[in-house]
There are 2 protein chains.
Amino acid sequence: MVGRIAMNDPEKLIGAVDIGGTSIAVGLVNSAGELLADRDMPTAAAQGCEAAMARIADALRQMIAETAPAGVLAGVGVGCTGPVDSKAGTVLDVDFLPGWQGCNLANLLTLALGVEVALENDANAFALGEWTFGEGRHCRHFVCVTVGTGIGVSVINDGHLLRGTGDAHPEIGHHVIDPAGPRCFCGASGCWEVLARGPAIAHRYHQATLAAGASGSGYTAEGVCALARSGDVLARQEIEREANYLALGIANLVTMFAPEVIVLAGSVMDSADLFLRQIQQRVSESCRLVPYRQVRICTSSLGSRAALLGASVVWRQRRSASPTPAPYWAHHA
Amino acid sequence: MVGRIAMNDPEKLIGAVDIGGTSIAVGLVNSAGELLADRDMPTAAAQGCEAAMARIADALRQMIAETAPAGVLAGVGVGCTGPVDSKAGTVLDVDFLPGWQGCNLANLLTLALGVEVALENDANAFALGEWTFGEGRHCRHFVCVTVGTGIGVSVINDGHLLRGTGDAHPEIGHHVIDPAGPRCFCGASGCWEVLARGPAIAHRYHQATLAAGASGSGYTAEGVCALARSGDVLARQEIEREANYLALGIANLVTMFAPEVIVLAGSVMDSADLFLRQIQQRVSESCRLVPYRQVRICTSSLGSRAALLGASVVWRQRRSASPTPAPYWAHHA
């Protein structure tokens, strides 16, 4: 039996990393797509990206030692708040990661760990997780929407991630849905994100309470949702308004992509039950030219695991896309 | 020399058909992608689709006899005003083709001509023409917009036509850009098409002249463009408004697809010089999160030829995608 164990290949593990502006999640995924272990750490962007990559490498080594000591790290997939140059492995001009512009995260992690590293925009990584292991399994046309501090949208069309020129990640969350809306840092007025993101809920509710003569402050989207559930009239009005904005954007996604599945995720969608009726109604009223009845709109079943499972898919996809080395006998034919 | 001519393969010709609600264009394309001949005929939808297909088949036979009598018809590609089921070859519920619902145009033409026929939505066929032979050559990420009676948009992402569930053609022209706008037959209020299509220009100009106490009628988009050029103040105001709507939609396309090229076509874009400055300005102001400077926005260089050249590409693509029959010796190995 000892001989048989020795003959077995060691378990191949994929390191999975999700880098946000505030925190970094690191996980270990096996070849069956199971998340064996994961942990969170602060991003501490001000300490520089070299320090952050060193902490990620340390965490991965510790997790292997603790969870799968007989395993071998085969590679690392990274989802990073964007925009990033996914082919080169570098961070572009990311608001949330000051000082990291131009850093090659993939090369730094390869240096620390000695394995190949694949980098991707975090919205794309999340969508790949949901598409491979979550509600998007078995479909060819898939859209994933994350509504939280911002709105991230990723589209998988006929099994391929939608990309733009130079592999750019399209910014579908910033398409204009109401030009009368406020100005966004993207340059447009009334884009979907500036109207429907979580902080917009809190801001509009605050304005409404001020207008009503109240003096509260420090509201959050989650708080407004809770107030609406408890019957607060102004909060319920704000939830109606938010549902209208969410419905406008999601109906546009149905019209523009007619996917099989749209998955809704992110902190605002933890309260999806407050919004889904209005979203469904808008879609059935205003998307008549596409087969809208065939579009399933649902919430994420993986939750936060989607980001790490998706990061492992980023590595697997990049790996399988790279040209396979010819077998040695091809050179001796 | 006679023997040598007899040894040559006969020239392979592709039949190209563009079916609209009013007229049908039929053309003959050689394997080098040259349009050898073309002619127009009324659609006469009320006579039924069998009669129309018989007229198309007659026209193709005549054109071969007159233009390339030594040629052989290899197949036919058809672009048809949508929605259509491109795989099955049938017309779905098309407003402009009353009574044709469920007709299998591909089977009818195969019956008449004895060759394979490939059907596609006309917006997709037009885009394939521009992408293969026009301003979209050599690019992987391409968007084609036709602004006329309606707004048709087709997207080629990484070399593949964007499709939805069940091969549906997404209706990007009907995404909402201003919910305060009028209602459209798609079900939405303020979609791009209802605000920016040619008849909307004529309608708004008419309203403006009525409000100013004038009594004219029968305006067209082309007419309003001509009036604007001649200095008519109300027409110039309407052109400003139209440019704003066109700019909103095109900036959304830049944000959502970040393509290498956007080609503008259709009757309204014959006056593109009246709109392009405002479009370019809006894109540079409001698409900052994507590499908008790398997006070339231009008008079609093929014009009406794009539809027929595109129909020939529809046939060629379908042909190359279908499994190649094994050579006869494979069965005798």
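The structure we're discussing is the one just above.
Residues numbered from 1 in each chain as written. Chains lettered and ligands numbered in written order. Predicted model: local features only at pLDDT ≥ 70, side-chain atom pairs only at ≥ 80, totals over all residues.

> I tried to follow the overall build of chain A on my own but got confused; where do I start?
The helix and strand tally for chain A stands at 10 helices and 12 strands. Here chain A has a C-alpha radius of gyration of 22 Å; the compact-globule value for 333 residues is 20 Å, and the two agree. Its C-alpha atoms put chain A at 75 × 45 × 40 Å along the principal axes. Across the 333 residues in chain A, those meeting the buried criterion constitute 50%. Across chain A, the fraction of contacts at a sequence separation of at least 24, relative to all contacts at a separation of at least 6, is 65%. (Helix = DSSP H or I, 4+ residues; strand = E, 2+ residues; numbered from the N terminus. Rg over C-alpha atoms; globule rule 2.2 N^0.38 Å. Buried ≥ 20, exposed ≤ 12 C-beta atoms within 10 Å, placed from the backbone. Contact = placed C-beta atoms within 7 Å.)

> Is there a simple way to explain the pairing of strand S2 (residues 23-30) of chain B in this structure?
All names here are of chain B. The element S2 is largely enclosed, with a buried count of 6 among its 8 residues. Of the pairings in the sheet, the one linking strand S1 (residues 12-19) to S2 comprises 7 bridges and is antiparallel in character. Paired with Asp18 across the bridge in S2 is Ala25. With antiparallel pairing between neighbouring strands as the criterion, S1 and S2 make up a hairpin whose turn holds 3 residues. As judged from the 7 bridges shared by S2 and strand S3 (residues 35-42), these two strands associate in the antiparallel manner. Bridge pairing in S3 places Leu28 opposite Ala37. Counting the residues between successive antiparallel strands, the hairpin from S2 to S3 contains 4 residues, one of them, Gly33, with a positive phi of roughly 80°. (Pairing = 2+ DSSP bridges.)

> Is there a simple way to explain helix H9 (residues 276-286) of chain B in this structure?
Residues and elements named next belong to chain B. By the burial criterion, the buried members of H9 are Ile279, Arg282, Val283 and Ser286. All buried residues of H9 project into a common sector of 100° when viewed along the axis, lining one side. Residues of H9 that are buried in the fold lie against helix H8 (233-257) and strand S12 (296-299). (Arc of directions from axis to C-beta.)

> Please explain the relation of the copies chain B and chain A as it appears in this structure.
The relation between the two copies of this chain is a rotation about an axis and a shift parallel to it. Overlaying chain B with chain A gives an RMSD of 0.0 Å, the required rotation being 180° about an axis along which the chain moves by 0.0 Å. The symmetry that links the two subunits is that of a two-fold axis. A share of 100% of interface residues in chain B that are also interface residues in chain A marks the association as one of identical surfaces. (Least-squares fit on C-alpha atoms with pLDDT ≥ 70 in both.)

> Please clarify how the sheet that holds strand S4 (residues 72-80) of chain A should be interpreted in this entry.
Hydrogen bonds between backbone groups are what pair the strands of a sheet, and the pairing can be parallel or antiparallel. Residues and elements named next belong to chain A. Read from one edge of the open sheet, 5 strands run S3-S2-S1-S4-S7, paired in mixed fashion. For this open sheet the edge positions go to strand S3 (35-42) and strand S7 (116-121), each flanked by a neighbour on one side alone. Neighbour-to-neighbour, the strand axes of this sheet turn through a mean angle of 20°, independent of strand direction. (Axes fitted to C-alpha atoms, helices over the stretch in contact; angles between N-to-C directions.)

> Looking at this structure, how should I read the sheet that holds strand S8 (residues 142-147) of chain B?
Residue and element names in this part refer to chain B. Strands sit in the order S10-S9-S8-S11-S12 across an open sheet of 5 strands; the sheet is mixed. Edge positions in the sheet fall to strand S10 (160-161) and S12, since each of these pairs with one other strand and no more. The pairing of S8 with strand S9 (residues 151-157) spans 6 bridges and is antiparallel. Opposite Thr146, over in S9, you have Gly152 as the bridge partner. Along the sheet, helix H4 (residues 122-133) makes contact with S8, S9, S10 and strand S11 (261-265), crossing S9 at roughly 55°.

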